[in-house]
Amino acid sequence: MRAGLLVLFVYWLGLGVTAEPRRVTITDALSQCYERNPDLAAARADTRQARSSYHLAGVFPTGSFVGGATRGWGPAALSSFSALPRDEYLQFQQPFFPFGAMKKGQYVAWLNWKQAEARLFFTKIQLMRQTKDAFYETLASQQRMAILRNNRELARQIFASSERETRSRRNRRLELLASRVQFNQVQQALVQGQGDLEADRAELGRLLAAPRGTELEAVGSLDTEYSHLKLDDLLKLGESSPALMAVRQATESGHEQVKLASLQGNPVPSLIALYDFRLPSYIVGAQITVPLDWGQIGFDVQSKERAAAALDERYRAAQLELSSDIQKAYAAFIAGAINSANYEEDVLQPQEEAVRLIQVDYAQHKLDYDVVLLAQQQLESIRIEFLSQQLIERLALNALEEAVGAALEIITPAPVEPDLTPEPDLEMPDPGH
């Protein structure tokens, strides 16, 4: 049973060797995500739909032509337009919006379009964070696997050395058992590391919409640069965050919808034209319809006023939440950066120096080979811990970018978003206050 599991384990670890991995940098990953990700494509479609609604708000209601014919005798036949038993006629009708409602409706649609654009860019920011998280987690998993493989080789050598010593000295049986346990623990960590790597690659492939079965290899570094980041600057930058802009546009749209609802009580103009074929004649006229409100318009205005008040509170809550998210993400990032730097300087570098000194002593036959192996094994464990510290710092920076709503790193620009601004003849409509 154990032999079968070992064969399966070796085969699983060899999967990554037989298939040629597809190497991607963080710039490649972001570009492919922006180009292929279905969530971003759906957000673009929502924006185009809002743009179409804006165009729709700038046109008159649909007019209609009505053609009719009447036949019959008696008093019922006299209901035709010509007052004759037989008649044929063509009628045109063109309704309009209540006075002032068209301009206001177009402005509300423009605000909704701007809100959809803000949501689109916020979706892009979210995907940037998710893609960076998946990319750097994959990169960290790859580096962890390299360290674990090296650690396994060191554990194997220690176990082999203990076996040789045990044959000549029976009182070292305890050391043999300890080295065997240590080797098995490293083997288990390697299996878990391979599983984590496959999971990270699957998540990265989902975000990049990569074909099924594509093996991705992340190429890059976990290092970050944080000395130029200031909390006050980040808080100021967050004021123009797409997430906050979307809430702001929704709030303004809510207030404008109150005004639009109140305009529904205004008179409604319309045009009518009729041509009678039986007695060739025509009628052209205009009419004004004055709504008789039994409470429907008033209650609609009241409902929208309360909805607008709720949006005001949500906007204030969004401002507070954004400020809090930026401060928390900034604190986590700075703490992670300091811990990474301190760990590298106070733990990793001294251990690397210790291993170099031990190797010098071993070369001079002052130490046993077991001491060298143990020092190297401890160094590999420290490298894994340092890798975890770097990943914490990196993920905290990604979270900070999402909170601020902008990229904080200098990365090769991704493809530009399609132009979604109004055409020259469709500028922002007059709010009609």
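Everything below is about the structure shown above.
The shown structure was predicted, so the numbers you read here are calculated from the model rather than taken from an experiment. (Residues numbered from 1 in each chain as written. Predicted model: local features only at pLDDT ≥ 70, side-chain atom pairs only at ≥ 80, totals over all residues. Heavy atoms only, no water.)

1. Considering the packing of helix α6 (residues 231-238) against helix α8 (residues 296-363)
Between α6 and α8, the least distance of the axes is 10 Å, while the angle of their chain directions is 145°. In this structure, α6 meets α8 at a crossing whose hand is right-handed. When α6 is examined against α8, the residues L231, L234, L235 and G238 are found in contact with a partner set consisting of L322, S323, I326, Q327 and Y330. Tallied by class, the residues present in the contact of α6 with α8 amount to six nonpolar, three polar and no charged. (Axes fitted to C-alpha atoms, helices over the stretch in contact; angles between N-to-C directions. Helix = DSSP H or I, 4+ residues; strand = E, 2+ residues; numbered from the N terminus. Left-handed = near helix turned anticlockwise from the far one by under 90°. Contact = heavy atoms within 4.5 Å. Nonpolar A, V, L, I, M, F, W, Y, C, P; charged D, E, K, R; others polar.)

2. Side note on the sheet that holds strand β2 (residues 64-70)
Taken in spatial order, the four strands of this open sheet run β2-β3-β5-β6, and their pairing is antiparallel. Each having just a single partner strand, β2 and β6 (281-289) make up the two edges of the open sheet. Taking the axes of each pair of neighbouring strands and ignoring which way they run, one obtains an average angle of 20° across the sheet. (Pairing = 2+ DSSP bridges.)

3. Brief notes about the pattern of salt bridges
Side chains bearing opposite charge may pair, as long as their charged atoms lie close to each other. Under the criterion given, the structure shown has 18 salt bridges. Measuring nitrogen to oxygen at the nearest pair gives 2.7 Å for the salt bridge that ties K104 to E256. One end of the pair, K104, is in helix α4 (residues 101-168); the other, E256, is in helix α7 (residues 242-262), and 152 residues separate them in sequence. As far as the burial class goes, K104 and E256 line up, both buried. Residues D300 and K304 are paired through a salt bridge, measuring 2.9 Å at the closest nitrogen-oxygen approach. Separated by four residues within a single helix, D300 and K304 lie in helix α8, roughly one turn from each other. Residue classification places K304 among the partly exposed residues on the basis of a relative accessible area of 26%. Through salt bridges with shared partners, a single ionic network connects R71, E88 and R278. (Salt bridge = Lys/Arg side-chain N within 4 Å of Asp/Glu carboxyl O. Buried < 20%, exposed > 50% of the residue type's maximum accessible area, 1.4 Å probe, protein only.)

4. A closer look at the environment of S253
Here S253 shows up in helix α7. Along the primary structure S253 and L111 are separated by 142 residues, whereas in three dimensions their C-alpha atoms are 5.8 Å apart. Setting aside its immediate chain neighbours within four residues, S253 contacts V108, L111 and N112.

5. A few points about the packing of aromatic side chains
Applying the stated criterion across every chain yields a total of seven aromatic pairs. Note on Y54 and W113: the rings are 5.3 Å apart at their centroids and 35° apart in plane angle, and the pair reads as tilted. Taken together, the residues span a long stretch of sequence, with Y54 in helix α3 (residues 38-57) and W113 in helix α4 at a distance of 59 residues. Between F135 and Y136, the aromatic rings sit 5.1 Å apart at their centres with planes inclined by 90°, giving edge-to-face as the arrangement. On the basis of relative accessible area, F135 is assigned to the buried category, the value being 1%. Overall, Y136 belongs to the buried group, its relative accessible area being 4%. Above the ring of Y136, the side-chain terminus of R394 is found at 4.0 Å from the ring centroid. (Phe/Tyr/Trp six-rings, centres within 6.5 Å; stacked < 30°, edge-to-face > 60°. Lys NZ or Arg CZ within 6 Å of the ring centre and 35° of its normal.)

6. Some thoughts on α8
An ideal rise of 1.5 Å per residue puts 100 Å on 68 residues; α8 measures up with 94 Å between its terminal C-alpha atoms. Approximately 35° is the largest bend angle found in α8, and it occurs at E344. The positive-phi residue at the C-terminal boundary of α8 is H365, with phi of around 65°. (Expected span 1.5 Å × (residues − 1). Bend = angle between axes of the 7 residues up to and from the residue.)

7. Describing the side chain of D200
Tracing the sequence through the fold places D200 in helix α5 (residues 173-207). Buried charged residue D200 carries no salt bridge. Nearest counter-charge: R144, at 5.6 Å. Excluding residues within four positions of it along the chain, D200 makes contact with A134, E137, T138 and S141. (Lys, Arg positive; Asp, Glu negative; His and termini not counted.)

8. Describing a negative patch on the surface
Judged by side-chain charge, D223, E344, E345 and D346 come together as a negatively charged surface patch. Among the structural elements, E344 can be located in helix α8. With a relative accessible area of 32%, E344 lands in the partly exposed category. (Patch = residues over 30% accessible without salt bridge, like charges linked within 9 Å, V, L, I, M, F, W, Y side chains within 5 Å. Areas by Shrake-Rupley, 256 points an atom, 1.4 Å probe, with all protein chains shown as cover. Charge placed at Lys NZ, Arg CZ, Asp CG, Glu CD.)

9. Concerning the nonpolar core
Grouped together as the largest cluster of nonpolar side chains are 25 residues, with contacts concentrated most on F135, Y136, L139, L204, L208 and L222. For this core, the secondary structure elements donating two or more residues are α2 (26-36), α3, α4, α5, β4 (216-218) and α9 (369-404). The element that contributes the greatest number of residues to this core is α4, accounting for nine residues. Among the nonpolar cores identified, the runner-up in size contains 17 residues, and L234, A396, V404 and L408 belong to it. (Core = buried A, V, L, I, M, F, W, Y, C linked by side-chain atoms within 4.5 Å.)

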